[in-house]
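Observations on chain architecture
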Amino acid sequence: MNIFKRARVRYVLHRYPVKYEAWEAVTGKMAVLRGLTSVEKAHLRELTALFLREKRIFGAQGFQVTEAMRIHVAATACLPILHLGLGLFSAWSDVVIYADAFRVSRDETDEAGVVHHQDLVLSGESWERGPVILSWGDIEQDRHSGHQGHNVIIHEIAHKLDMLDGSANGIPPLHVSMPVPPWTDAFSTAYDELNERLDHHHPVSVDPYAATSPAEFFAVFSEYFFCAPDILHTHFSDVYRQLQLYYRQDPLNRIRADKAAGQTTHETVD
């Protein structure tokens, strides 16, 4: 099976590559990809091509999705699994994009068995074996507003990874080399600390939405891991270390290397 799988991957990459000009036009503007090595960029481009071939990315309610939008969504979605593999996405096939934040109505039953009706306006949503749903308006805001640590695509992909074991509880299936206790200790301590600060109306360094539940905590902190790793490392270094082990990436080191390269280039020009 591995032979056939590798042959299929080679066929897709040869038959349906992401054209270099289109790739550069989109990813060259994506701050979240800064600092990737040339090897990592090449691998991400391959994963993006496979993602675009395997997933359907389409607009809702008449929203027209362009090729540049599809590349942006696919490249961002593949960043968290850059060193994990596209196989983690095999249980779902669709990405639905609304023009802007979308409204959902649902009934939820609490622990006491009481049913609560909710009307929500969302920027993104992930279903366990269903689609990833995104707001393009929020994707654009993430890209242009400069709000550190926010990326709706990475947030929803983190939920997908979290649900691989059948439940969204803030603990995705960990690698064999990762014992569970250090993960739970780091995340539980940070989660309790965040909630305590919010309960006492103290300022916090991350989006307060992370305190909603362990699942949202993992998703929000995954956003910070890739988009504002300096903030996460400074205030929650133990969590950063666990995410570094899980995602097998070190975005903070990438940022530092990118800054160092920029300073070197500036000095050379001077």
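What you see is a predicted model, and the numbers here were worked out from it, not measured in a lab. (Residues numbered from 1 in each chain as written. Predicted model: local features only at pLDDT ≥ 70, side-chain atom pairs only at ≥ 80, totals over all residues. Heavy atoms only, no water.)

1. Digging into the nonpolar core
- Of all hydrophobic cores here, the largest spans 70 residues; its most connected members are Phe 51, Val 73, Phe 221, Leu 243 and Tyr 247.
- The biggest single contributor to this core is helix α8 (residues 214-227), with eight residues.
- When residues no more than four places from it in sequence are discounted, the contact partners of Phe 221 are Val 206, Ala 210, Leu 232, Phe 236, Val 239 and Leu 243.
- Formed by six residues, the second largest nonpolar core is a distinct cluster that contains Val 96, Phe 102, Val 104 and Ile 133. (Core = buried A, V, L, I, M, F, W, Y, C linked by side-chain atoms within 4.5 Å. Buried < 20%, exposed > 50% of the residue type's maximum accessible area, 1.4 Å probe, protein only. Helix = DSSP H or I, 4+ residues; strand = E, 2+ residues; numbered from the N terminus. Contact = heavy atoms within 4.5 Å.)

2. Some words on the pairing of strand β1 (residues 56-59)
- Here four bridges tie β1 to strand β2 (residues 94-98), and the two strands are oriented parallel to one another. Following the sheet pairing, Arg 56 is matched in β2 by Asp 94.
- Chirality of the crossover, the property in question, places the unit of β1, helix α4 (residues 67-78) and β2 among those that are left-handed. (Pairing = 2+ DSSP bridges. Right-handed = clockwise from strand over helix to strand, strands pointing away.)

3. Digging into the environment of Asp 238
- Residue placement: Asp 238 occurs in helix α10 (residues 237-247).
- Taking the C-alpha atoms as reference, Asp 238 lies 28 Å from Arg 143; in sequence the two are 95 residues apart.

4. A word on the packing of helix α3 (residues 38-54) against α4
- Remark: α3 packs on α4, axes separated minimally by 9 Å, with the N-to-C direction vectors making an angle of 115°. Every pair of crossing elements has a handedness; the one defined by α3 and α4 is right-handed. In contact with Leu 44, Leu 47, Thr 48, Phe 51 and Leu 52 of α3, α4 contributes Glu 67, Arg 70, Ile 71, Ala 74, Ala 75, Ala 77 and Cys 78.
- Its residues assigned to classes, the contact of α3 with α4 shows nine nonpolar, one polar and two charged. (Axes fitted to C-alpha atoms, helices over the stretch in contact; angles between N-to-C directions. Left-handed = near helix turned anticlockwise from the far one by under 90°. Nonpolar A, V, L, I, M, F, W, Y, C, P; charged D, E, K, R; others polar.)

5. Quick look at the pattern of salt bridges
- Throughout the structure, instances matching the rule amount to four salt bridges.
- Notably, a salt bridge pairs Glu 40 with Arg 254, separated by 3.8 Å at the nearest N-O pair. Here Glu 40, found in helix α3, pairs with Arg 254, found in helix α11 (residues 251-269); they are 214 residues apart in sequence, far enough to count as distant.
- Classification of Arg 254 as buried rests on a relative accessible area of 7%.
- With a shortest N-O distance of 2.8 Å, Asp 94 and Arg 56 are connected by a salt bridge. Within this pair, whereas Asp 94 is found in strand β2, its partner Arg 56 is found in strand β1, the two being separated by 38 residues in sequence.
- Using a relative accessible area of 15% as the deciding quantity, one classes Asp 94 as buried. (Salt bridge = Lys/Arg side-chain N within 4 Å of Asp/Glu carboxyl O.)

6. A short note on unusual backbone geometry
- Even without being glycine, Gln 61 reaches a positive phi, approximately 55°.
- Phi angles above zero are rare outside glycine, and Arg 248 is one such case at about 60°.
- The topology assignment puts Arg 248 in the loop between α10 and α11.

7. Examining helix α5 (residues 136-144)
- Those residues of α5 lying buried are Trp 136, Asp 138, Ile 139 and Asp 142. The buried side chains of α5 occupy one side of the element, clustering within an arc of 160° when seen end-on.
- Each element contacted by the buried residues of α5 is listed here: α4, β2, β6 (132-135) and α6 (152-162). (Arc of directions from axis to C-beta.)

8. As for helix α2 (residues 20-27)
- Three or more residues of α2 are buried, namely Trp 23, Val 26 and Thr 27. Summarising the axial view, the buried residues of α2 lie within an arc of 85°, below the 170-degree limit, and thus occupy one face.
- Contacts made by the buried residues of α2 are with α3 and α4.

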